[in-house]
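Understanding the architecture of this molecule
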There are 2 protein chains.
Amino acid sequence: MSSDTGSFTRLESIVLNDDSLDPAQSELLSELLGRSPLKDVVALLERLNPFRAALVLRLLPRRRSIAAFDALDSVHQADLVAALGDESLADFFGALNPDDRVALLDELPAEIATRLLTGLDESEHGFTSAVLGFPKRSVGRRMSPKTPFVLAGASAGEALADLREQAESAETIYTVPVVEDDRRLVGVTSLRALFTASPDVPVSELMDQPEYAVASDNDEETARWALSLDLLALPIVDESHRLIGILTMDDSFDIVEDADNEDSARSGGSEPLQQPYLTTPVMKLVRSRLVWLAVLAVSALLTVQVLDAFEDALAAAVVLSLFIPLLTGTGGNTGNQAATTVTRALALGDVRGRDRGKVLWREARVGLVLGAALGLVFGSLLGVLYGAPIGLVLGLTLLIVCTLAASVGGLMPIVAKAVGADPAVFSNPFITTFVDATGLIIYFLIARAVLGL
Amino acid sequence: MSSDTGSFTRLESIVLNDDSLDPAQSELLSELLGRSPLKDVVALLERLNPFRAALVLRLLPRRRSIAAFDALDSVHQADLVAALGDESLADFFGALNPDDRVALLDELPAEIATRLLTGLDESEHGFTSAVLGFPKRSVGRRMSPKTPFVLAGASAGEALADLREQAESAETIYTVPVVEDDRRLVGVTSLRALFTASPDVPVSELMDQPEYAVASDNDEETARWALSLDLLALPIVDESHRLIGILTMDDSFDIVEDADNEDSARSGGSEPLQQPYLTTPVMKLVRSRLVWLAVLAVSALLTVQVLDAFEDALAAAVVLSLFIPLLTGTGGNTGNQAATTVTRALALGDVRGRDRGKVLWREARVGLVLGAALGLVFGSLLGVLYGAPIGLVLGLTLLIVCTLAASVGGLMPIVAKAVGADPAVFSNPFITTFVDATGLIIYFLIARAVLGL
């Protein structure tokens, strides 16, 4: 990376290791901080406890400390609230964009949130309330109400003059929604187009058909398609098609990243942490995992019952128990592969609910081919080692279990989404448990038939 | 979403279902396409086979068809190459940014790539070669060489005039690197700052200390921190600190999305697809999964050996086999949780290689708490059902297996990264197999000791 690694290490060792800072150290620290790129300052803040982080923020020049605070995620910002003095807190809070402010408010206790809100000036208070009025998971909640706009009837020169006046308050002035007098959205232009055009060209000749979203639209879906079209910013309208805000590319990215973090955690069988791993308390890590682990262990009791029901077969042929982990493992892996692929495809919008028939048909074929290949190889191999009948039982079981696991694994995320659950939750761990139990039943039924138990 | 769903459905039914298009349908299609937002056109293209997609592209006005082609990922673009006529192909190819062009070239057979390259005009050919000169996975390979710049000695007015001239060719003019006469990077300003300043203010007063990356830096790490700082674009310099390109936010997002797709697929035990799920041939899905599944099944033979070694214990107490899936499942889940969390933290830069001691210590404690809780509950429950000695064996095994699984699961991604492997690969499936085998050994050793087998 491009940073001065030596000075970053020195910086880190001072703030991480010393219990107190004497004035000479403060001065050195202040100098080192001044020389460090913002990304290093932010990385440092993320690794410090709130009180140390607040100290570092105080040593930065105002503008840099505001930029650094802004770059932290809202959970981290909330942790800092208690450690910051009232004055710098109000300063940081006022400098945030309304959408980031709302994200921080969501993390704070109600009384602190109210105190911060009432401390805002009237116009910022209005902007923040506008965003707070939309439900969570809607794009209205994540947009900035400080959108620039120009009138369709203006010339490029007039539009530029308008934008120059809006530049103070607007979140961006690069993507410029074009509206009629009643604020109805009719097009989108850009500062680049206005800036390079001759001043008397009408705005209506410099605009494109607008890509836009309605404030009540789902935030993740909207953010994903805005990013897939490389839109620097997306105008947001109300139900009457009036311009009420703008979703910038960095906000779209934050929305998608939060969703991906959630998917990643859930598919691994834990709840998302919402804060960097190393600063999450151990008991919080335990809580994020314990419930899922217990749910899965309880459902694994099903496998105990299945095996209990076949105890006579197990007693008659102890050799059957040798292959239990191989079969449940392979079935679980096949199901996970299908579930992970389909969950990701759902998240990216490549697969929708009505595609469930197609998905089932594809996964059944994929599972059949995988099962045939594995069944042939492992059935033959273990047939040589443990006798042909055992090989036949294992080969047939692998064939059926893989087909079943891929089909169920592919379908489960779609079913989950249809009933309003998180597809990622139904991914890896849940399918493993389901496939374990059904796979064992299939195994013993085939074993009974082939071995005549 | 905000699109005219009715007309999208009509559109889709025409292109998806009809085998051939008569002229009247072409006209209707052309009209419907003209009314549809770009995102719907792109979504449609992604669901069509290459020849249908090429037909749709030809029915679009030139500017929209170029935008739609640009919005497709490079694997999809490569699929279209054979279906497009030479002329429109050259047109689309010439309109891509050099970095996107290189991504497409990477997907094409060498002879087609060479033909396309030689068809470019001299300046575009030069830009493309510059990007092709950097290794894969470096940020130089993903940057645009068409960076704008202004001189540190200029005034805001002069700089704006410069930018107006560069606007034709530069990828962005919103983030503006500031350089000395020898192209050494000294700062970053923005069109916004220049545009709102009075024309005689020197550029040096409008610039910030630059965030930047060196062209040889890793692409994913660079993209993640650029996005975390909400940078619209990041200047890229060579080893002598000379400005050679710019990484825009949408390119950063593409890099991160590709990496996340890869992580998601690998953590589910398959290779990334690089193309939408529903248009991936079934045999390609099989190939993306078969190798991993076979590797995992072969390593699961380890569990067969472990159980074989303890066959006497199993024969003496068949009841022991009832709990095999419960134990391996819980151990695997615990390991997955730790591995998924740490893999994600590594990807986000929250954890680095030198944190391995901290990670191990945290995961050991998390695993111990989880194991104690589960061991107590399930040991007691199964002790009541199957007798106290069995309960004791299971409780102790859960305690040790959870501690081991969380420690190994947390450490494995860091070790994988240190030896240059993909941490996500070592996530779910691999750890499951490892924990299965060691967990079974622990189980039978405890069983032998407690039950005196």
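Residues numbered from 1 in each chain as written. Chains lettered and ligands numbered in written order. Predicted model: local features only at pLDDT ≥ 70, side-chain atom pairs only at ≥ 80, totals over all residues. Heavy atoms only, no water.

**What to know about the pattern of salt bridges**
The following threshold applies: Think of a salt bridge as a Lys or Arg side-chain nitrogen and an Asp or Glu carboxyl oxygen that are within 4 Å of each other. By definition, any uninterrupted DSSP run of H or I lasting at least four residues is a helix, any uninterrupted run of E lasting at least two residues is a strand, and each is numbered from the N terminus. Relative accessibility under 20% of the residue-type maximum defines a buried residue, over 50% an exposed one, and the middle range a partly exposed one, all with a 1.4 Å probe and only protein chains included.
Counted under the stated rule, the structure contains 32 salt bridges over all chains. Ionic pairing is found between Arg-115 of chain A and Asp-86 of chain A, a salt bridge with its closest N-O pair at 3.4 Å. Linking Arg-115 of chain A in helix α9 (residues 110-118) with Asp-86 of chain A in helix α7 (residues 86-95), this pair joins segments that are 29 residues apart in sequence. Ionic pairing is found between Arg-142 of chain B and Asp-258 of chain B, a salt bridge with its closest N-O pair at 3.6 Å. Residue Arg-142 of chain B is located in the loop between α10 (122-132) and β1 (150-151), and its partner Asp-258 of chain B is located in helix α14 (residues 249-267); the two are separated by 116 residues in the primary sequence. The class for Arg-142 of chain B is partly exposed, based on a relative accessible area of 25%. What emerges from the salt-bridge pattern is a single network uniting Glu-220, Arg-224, Asp-260 and Arg-344 of chain A.

**What about the nonpolar core?**
Going by this rule: Side-chain atoms within 4.5 Å are what join buried Ala, Val, Leu, Ile, Met, Phe, Trp, Tyr and Cys residues into a set we call a nonpolar core.
In terms of nonpolar packing, the biggest core is built from 108 residues, with Leu-57 of chain A together with Leu-57 of chain B touching the most fellow members. Grouped together as the second largest cluster of nonpolar side chains are 107 residues, Leu-346, Leu-370 and Ile-442 of chain A together with Val-393 of chain B included.

**A look at the UniProt feature "transmembrane region" (unreviewed entry) in chain A**
Residue and element names in this part refer to chain A. The following threshold applies: UniProt positions are given in the numbering used here, feature names are shortened, and annotations may be inferred rather than shown by experiment.
Using the residue numbers shown here, the UniProt feature "transmembrane region" (unreviewed entry) corresponds to residues 290-307, 313-330, 366-386, 392-416 and 428-451. Across residues 290-307 one finds 100% helix and 0% strand; the C-alpha atoms that close the span lie 26 Å apart. End-to-end, the C-alpha atoms of residues 392-416 are 36 Å apart, and along that stretch the chain is 100% helix and 0% strand.

**Structural notes on the packing of aromatic side chains**
Residue and element names in this part refer to chain B. Basically, it comes down to this: Only rings of Phe, Tyr and Trp enter the pairing, Trp through its six-membered ring, and a pair is recorded when the two centres are within 6.5 Å. The plane angle decides the type: under 30 degrees is stacked, over 60 is edge-to-face, the rest tilted.
The tally for this structure, following the rule as stated, stands at 10 aromatic pairs over all chains. Here Phe-69 and Phe-92 contribute two aromatic rings whose centre-to-centre distance is 4.7 Å and whose plane-to-plane angle is 10°, an arrangement assigned as stacked. Residue Phe-69 is located in helix α5 (residues 62-71), and its partner Phe-92 is located in helix α7 (residues 86-95); the two are separated by 23 residues in the primary sequence. Judged by relative accessible area, Phe-69 falls into the buried class, the value being 1%. Between Tyr-443 and Phe-444 the ring centres are 5.1 Å apart and the planes differ by 55°, which places this aromatic pair in the tilted class. In terms of burial, Tyr-443 and Phe-444 fall into one category: buried.

**A few points about the sheet that holds strand β6 (residues 243-248) of chain B**
Residues and elements named next belong to chain B. Quick reminder of the rule: Pairing between strands requires that DSSP locate at least two bridges from one strand to the other. Whether two residues are in contact is decided by their heavy atoms: any pair within 4.5 Å suffices. The angle between two axes is taken between their N-to-C directions and runs from 0 to 180 degrees, where each axis is a line fitted to C-alpha atoms and a helix contributes only its stretch in contact.
If you walk across this open sheet you meet the three strands as β4-β5-β6, and the pairing is mixed. Looking along the sheet, the strands with just one partner apiece sit at the ends: β4 (213-214) and β6. As paired elements, strand β5 (residues 233-237) and β6 share five bridges and run antiparallel to each other. Bridge assignment links Ala-233 to a residue of β6, and that residue is Thr-248. Packing against the sheet, helix α13 (residues 219-228) makes contact with β4, β5 and β6, and its axis sits at approximately 140° to β5. Across the sheet, α14 lies against β5 and β6, angled at about 70° from β6, the strand it touches most.

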